[in-house]
Structures are given as C-alpha cells and as structure tokens.
Amino acid sequence: MTLAANSQTPFPPATAQRRPSPPPRGSASARTFGISLVTLAALIALWVLAAQFGWASPLFLPSPADVLTQFNAVAADGYANGTLLDHTLASLGRIAAALGVGIFVGIPLGLLMGLNRWVKGIFSVPIDLYWGLPPLAYLPLLIIWLGIGETSKIVLLSLSTFAPICFAAQAGVRSVPVERINAALSLGANRLQLFTSIILPSALPEILTGLKIAIGAGLSTLVAAELIAAQSGLGYMIMSAANFLATDVVFVGLIVIAVLAFAFTSGMCWLEHRLIPWKGKL
Amino acid sequence: MLRIRDASITFLGSDGQHVHALDHVSLDIAPASIVVAVGASGCGKSTLLNAIAGFLPLTEGTITLDGREIAAPGGDRGVVFQKDTLLPWANVLDNVALGLKYRGVSRIERYERSRHLLELVGLADFAEKPPYELSGGMRQRVGIARALATDPKILLMDEPFGALDSLTRETMQQLLASVWAKTGKQILFITHSIEEALTLGTTIVVMSPRPGRIVARFDADFVRDFAESGDIGPIQSHPRFIELRQEIRSLIHQPEGARRGTLQ
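Considering the overall build of chain A
Thought 1: Within chain A one finds 10 helices and 0 strands.
Thought 2: Of the regular secondary structure in chain A, the N- to C-terminal order runs α-α-α-α-α-α-α-α-α-α.
Thought 3: By residue count, 39% of the 282 residues in chain A fall in the buried class.
Thought 4: The contacts in chain A between residues at least 6 apart in sequence include a share of 71% that link residues at least 24 apart.
Thought 5: Split by element, the accessible area of chain A, about 15,600 Å² in all, is 72% carbon and sulfur.

Examining unusual backbone geometry
Thought 1: You will see that Leu245 of chain A, though not glycine, has its phi angle at about 55°, which is positive.
Thought 2: Within the secondary structure, Leu245 of chain A is located in the loop between helix H9 (234–243) and helix H10 (247–275).
Thought 3: The phi dihedral of Asp151 of chain B falls on the positive side, at around 50°, and the residue is not glycine.

Focus on the sheet that holds strand S9 (residues 203–208) of chain B
Residue and element names in this part refer to chain B.
Thought 1: Spatially, S6-S7-S8-S3-S9-S10 is the arrangement adopted by the 6 strands of the open sheet, whose pairing is mixed. Lying at the two open borders of the sheet, with one neighbouring strand each, are strand S6 (77–80) and strand S10 (213–219). Averaged over all adjacent pairs, the angle separating strand axes in this sheet is 20°, with direction ignored.
Thought 2: Relative to the sheet, helix H10 (residues 239–253) contacts strand S3 (34–38), S9 and S10, its axis offset from that of S10 by approximately 175°.

Examining the confidence of the model for chain A
Parts of the model with low pLDDT should not have their predicted coordinates read in detail.
All names here are of chain A.
Thought 1: Averaged over every residue, the pLDDT of chain A is 87; the share at 70 or more is 89%.
Thought 2: For chain A, per-element mean pLDDT is lowest for helix H1 (residues 26–52), which scores 84, and highest for helix H3 (residues 84–115), which scores 95.
Thought 3: Low pLDDT, under 50, characterises residues 1–10; the stretch is placed with 16 contacts to residues that sit more than four places away or in other chains.

Some points on the side chain of Asn95 of chain B
Residues and elements named next belong to chain B.
Thought 1: With respect to the secondary-structure elements, Asn95 resides in helix H2 (residues 92–96).
Thought 2: Within the local environment of Asn95, its side chain forms a polar contact with the backbone nitrogen of Leu87, the two atoms lying 2.7 Å apart.
Thought 3: Residues contacting Asn95, with those up to four places away along its chain left out, are Leu86, Leu87, Ala90, Pro131, Val142 and Arg146.

Considering the sheet that holds strand S2 (residues 18–29) of chain B
All names here are of chain B.
Thought 1: Within the open sheet, the 4 strands sit side by side as S2-S1-S4-S5. Their pairing is antiparallel. Because the sheet does not close on itself, it has two edges, and the strands there are S2 and strand S5 (68–69).
Thought 2: Pairing of strand S4 (residues 60–65) with S5, which is carried by 2 bridges, proceeds in the antiparallel orientation. Note on S5: the bridge partner recorded for Leu65 is Arg68.

With respect to the packing of aromatic side chains
Thought 1: Under the definition given, this model contains 7 aromatic pairs over all chains.
Thought 2: Pairing Trp278 of chain A with Trp89 of chain B gives two aromatic rings, centres 5.1 Å apart and planes at 55°, and the pair type is tilted. You can see Trp278 of chain A sitting in the segment after H10 and its partner Trp89 of chain B sitting in the loop between S6 and H2, one on each of two chains.
Thought 3: A relative accessible area of 9% means that Trp278 of chain A is categorised as buried.
Thought 4: Seen in terms of ring centroids, Phe222 of chain B and Phe241 of chain B are 5.2 Å apart; in terms of plane orientation they differ by 70°. Their pairing is edge-to-face. Pair noted here: Phe222 of chain B is in helix H8 (residues 222–229) and Phe241 of chain B is in helix H10, with a separation of 19 residues, a long-range link. Of the two residues, Phe222 of chain B and Phe241 of chain B, neither departs from the other in class, the shared state being buried.

Quick look at the pairing of S9 of chain B
Looking along a regular strand, one sees the side chains alternate between the two faces of the sheet.
Residue and element names in this part refer to chain B.
Thought 1: Summarising burial for S9: 6 of the 6 residues are buried, a large majority.
Thought 2: Side chains Thr203, Val205 and Met207 of S9 all project onto a buried face; the interleaved residues Ile204, Val206 and Ser208 project onto the opposite face, where all are buried too.
Thought 3: Bridge analysis of S3 against S9 gives 4 bridges, and the strand direction is parallel. Residue pairing in the sheet places Val36 in a bridge with Ile204 of S9.
Thought 4: Of the pairings in the sheet, the one linking S9 to S10 comprises 6 bridges and is antiparallel in character. If you follow Met207 over to S10, its bridge partner there is Ile214.
Thought 5: The hairpin turn running from S9 into S10, its antiparallel successor, is 4 residues long, and Arg210 in that turn takes a positive phi close to 45°.

Rules behind the numbers
Residues numbered from 1 in each chain as written. Chains lettered and ligands numbered in written order. Predicted model: local features only at pLDDT ≥ 70, side-chain atom pairs only at ≥ 80, totals over all residues. Heavy atoms only, no water. Helix = DSSP H or I, 4+ residues; strand = E, 2+ residues; numbered from the N terminus. Buried < 20%, exposed > 50% of the residue type's maximum accessible area, 1.4 Å probe, protein only. Contact = heavy atoms within 4.5 Å. Areas by Shrake-Rupley, 256 points an atom, 1.4 Å probe, with all protein chains shown as cover. Pairing = 2+ DSSP bridges. Axes fitted to C-alpha atoms, helices over the stretch in contact; angles between N-to-C directions. pLDDT = per-residue confidence, 0-100. Polar contact = N/O pair within 3.5 Å; in protein donor to acceptor, adjacent residues only side chain to side chain. Phe/Tyr/Trp six-rings, centres within 6.5 Å; stacked < 30°, edge-to-face > 60°.

If you want it as structure tokens, here you go:
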C-alpha cells in the first residue's frame, strides 16, 4: 500500500516521513560488548598467571591447561558413572521437565488467578506458603514421599519453577490497562475475544519475565539437589570430584553450568525480541 | 437518537462523603449532530461519557440509544479515548480492523473497509506500521478510524485532542469536522477548551462541578463552515463566536453560589 491518497480524500494524507525508527535494542549492549570481552580476557590472563607463577597450589587452583585436559578426558572417558555429555543431558532433562510443568501448569493457573477472585483465593495461600521455603529444606520430605529417584527431583524443580511463572501470569493479567479493556469492549469484544486478543498478549511481557526468573531458580535448585541426592547430573559430578579433591573436574562442571546459564539467558532475550518487540513502547 | 433522562451517578468518596459526579442530567443527541460538553475538570463531563459508553453504571435515571436502554459497553457506541489505546503488537491496519474482527467479518472485507477508513483519516500509507512508530496525532487518527470501522450509531470522544500540541490539535479538529460532514455521525465530544467546543459543536452544553450538572446549552453552526472551508481563522473571529465564547467563559468561571439560577 504505497498509493498516495487520491483527490477524493477529504483530508491531506500524512506524508512527512517519520524520524528513523529508534536504534535497535542490541546497540546498548553492543557498546559494552567490547569492554566485557576485555574484562573476560583479563580474568583468564590473571588465572593463567596465577597458575604459572604458583600463587596458589594446583589443588586449590588448577591451571587452565589442566582444566582443558580434564575437560577432554571427562568428555571422552567420563567421570562418576558417565561422560560429560551424559551428566549435562541428565541435568538438562530434569530442568526441561520442570520448566514444562511450570509453563503448562503455572501459566494457565496464574491467568485464572488473575481473572477470578475464587481461584486466586483458593490457590494463593498454599503457593505463598511453600514458595517461602528454601527448596532444599523440603527435599528430604520429597525423598521420603517419592523415593530417591527422578520423581522427587523433578517435583522439587517443578515447584521452584512453577511459582515465579504463576505469579508472573497473575501480575500480567492485573497489569492490563483498563482503557485497553474498555476500548475492546466498546468495539464489541465478547469475553473470550477479550481474553485472547487483549489480556493474553498484554500479559505476555510479564510471563516472559517470570520465565526468566523460573530458569534462574530452576538452575540453582537443580544443581543443589544433584549435590545432595543424585546418581547423575552436573551437580553430582562436581560433588564426586570434590570428594576426591579433583579440583580440575570441579572447574569443568562449573564452566559447563556457566555456559548453560548463559545460553538460557541469551535464548530468553532472543525470545523476548521475537515475541514482544513492542515491550515498553506504548 | 440518544436520550439521557435524569442521569445521576453518586460515588462514595474516600472520606465517606457522597460525591455527586453527575446530578440529574438530561440531554438528547440527535442524529447528525455534534454535542460538545465543556467545563472545568471535575464537572462530570467524562463521567457522562463513560456512562453512555457503558463503563460506569448509573445510580439513577436512564440512557437509551434508539429506544434501547444502555447497560454495558457495546459496538453500537464507538469510543475515542484521550490516551490512545491501540494495541502495540498489531499494525495500524489490524488495529482499525479489530472491531470488525470481533464481529466475525471476513478478512478481505475488514481489511478493505479499514483501508478505506485509513484513507479517510489520511493514513493510507501507514497501514503496515506498528502504532508506536506514529506520532500522537496520527495515533489519534487511527483511534478515530478504529471507532468508525464498526459503523457505530454514535461516536463518543473523551478529550481526544487534549494531549496534542496546539497545531496538531487544529489539524485534528479539521479532520473531525470533515469526517463528520462526510459520515453524518452523531457525536458526543468532551473538551475543556471553549474554542474547541464552539468550533466543533452543533450543540454546546456547559457543565459545572459539585454536583456535575448541565448549566446552560447553546446552539452553534460554525462546524459546517469549518468543514467546508477548513479555515479556523474567520470562524474564531466571527462576532457571534466571540460573544458565545465570552458567555461560556463567564458561566464556567462564575462562583458556585451565583450559578444556581442561571439555567432557564
């Protein structure tokens, strides 16, 4: 539609080209990217120097070269009943299952709690009560109830991812501007249309924020649970290595977890960029 | 025909006192007329509009549109808000087509109609843009097109140009006059600008606060000239315009006690 309005148009069309669209969101981080890269390089250089000049015993601080060697060894031959890939997949599988539960139960329930006084009244008390507890405090109870297997860990993780997502969906519903709802009603929206075309998209930014928090909570609970009670996973690998003072393997585990966390964060940023490019714009 | 009879709205204020936001207001809005309600803030003019839109229930009285009583918001009354309420995730065309989508109008038909309306408000080239790339005035034009898309019986406009700069505002007034002349819609327009009221209204009702009520009404005909000429200058310097402006101004600024006897 580049047609200029014809002479019948009773009103001159807006022709002025608008100012160029605001710079893309990445530019602020692009400006700091170089600085961050230098910082990272400096940290690694410091690590190399510390190992080189023996500022700390290799038992406490293994050299980067040792860690790299150990990384290859663990990846190829495995450590504590599994290769690095096995442990990583075990951890990822648990967190994926927990996020699935958090998303597929937390979002619908949170939306309902935001919409309905009764649902909110019934569910907010139990959620508030357990959400205040540190997950590791009730892990022993879950193990007594559900056994030492995967179930207890996935339930624990699901509980820690569910609450932030549920709260976020609830807050999202309540953050919908009342004018936006009134506008839709005066355009003839019925209740279902109001929900699908106004409330759900308006709540999406909050829901994605909740998902980010849930991923953070899930990762920390995951590793902690694996440290205590597991036969596989990155946390288990770290704990086993620590028992034998294999500090280089501990470093391997930590680096993999850091990379996973970074990947999750980047993925969420990408998702926000794709799903809600309009966030904060209107 | 919109008929308002003895409409009252009473709130319970935070101090426990009853606030009479609207006190026995009666008003008719005939087809093809523009009724402008003007008054200081707090005089109940927006409350009146919200009641007609169905956002606020009446405490007393009735509002009927073509004989049917108003109980809830509905597509027969198009609303243009002061703050634009466009959906940021939809482009301009989809925003205009929203009401038609709610009615189940086919995609081809609703886009065709929406494009026609965008042309009417001079935004044909902006159909695919997201609303946040438009200026405030353009967004209000989209809002007007969106409200017109479902062909409502009446257009309710709540200080739609209040947030715009004075130059844009003049352009928008021109736009509204020409849209009105073309569509013949009945319009209720809320404003706190006396000039805007006189320029756009076929009927001007002056409202006063505490309790919110109509204290005077005037007929005017400047909007027809304005729609034809598009020139606000000669209209605002017309002796009758100046006379009415003075009269309305003194009504609005009168001390509350002295105002009591003014009506009729």
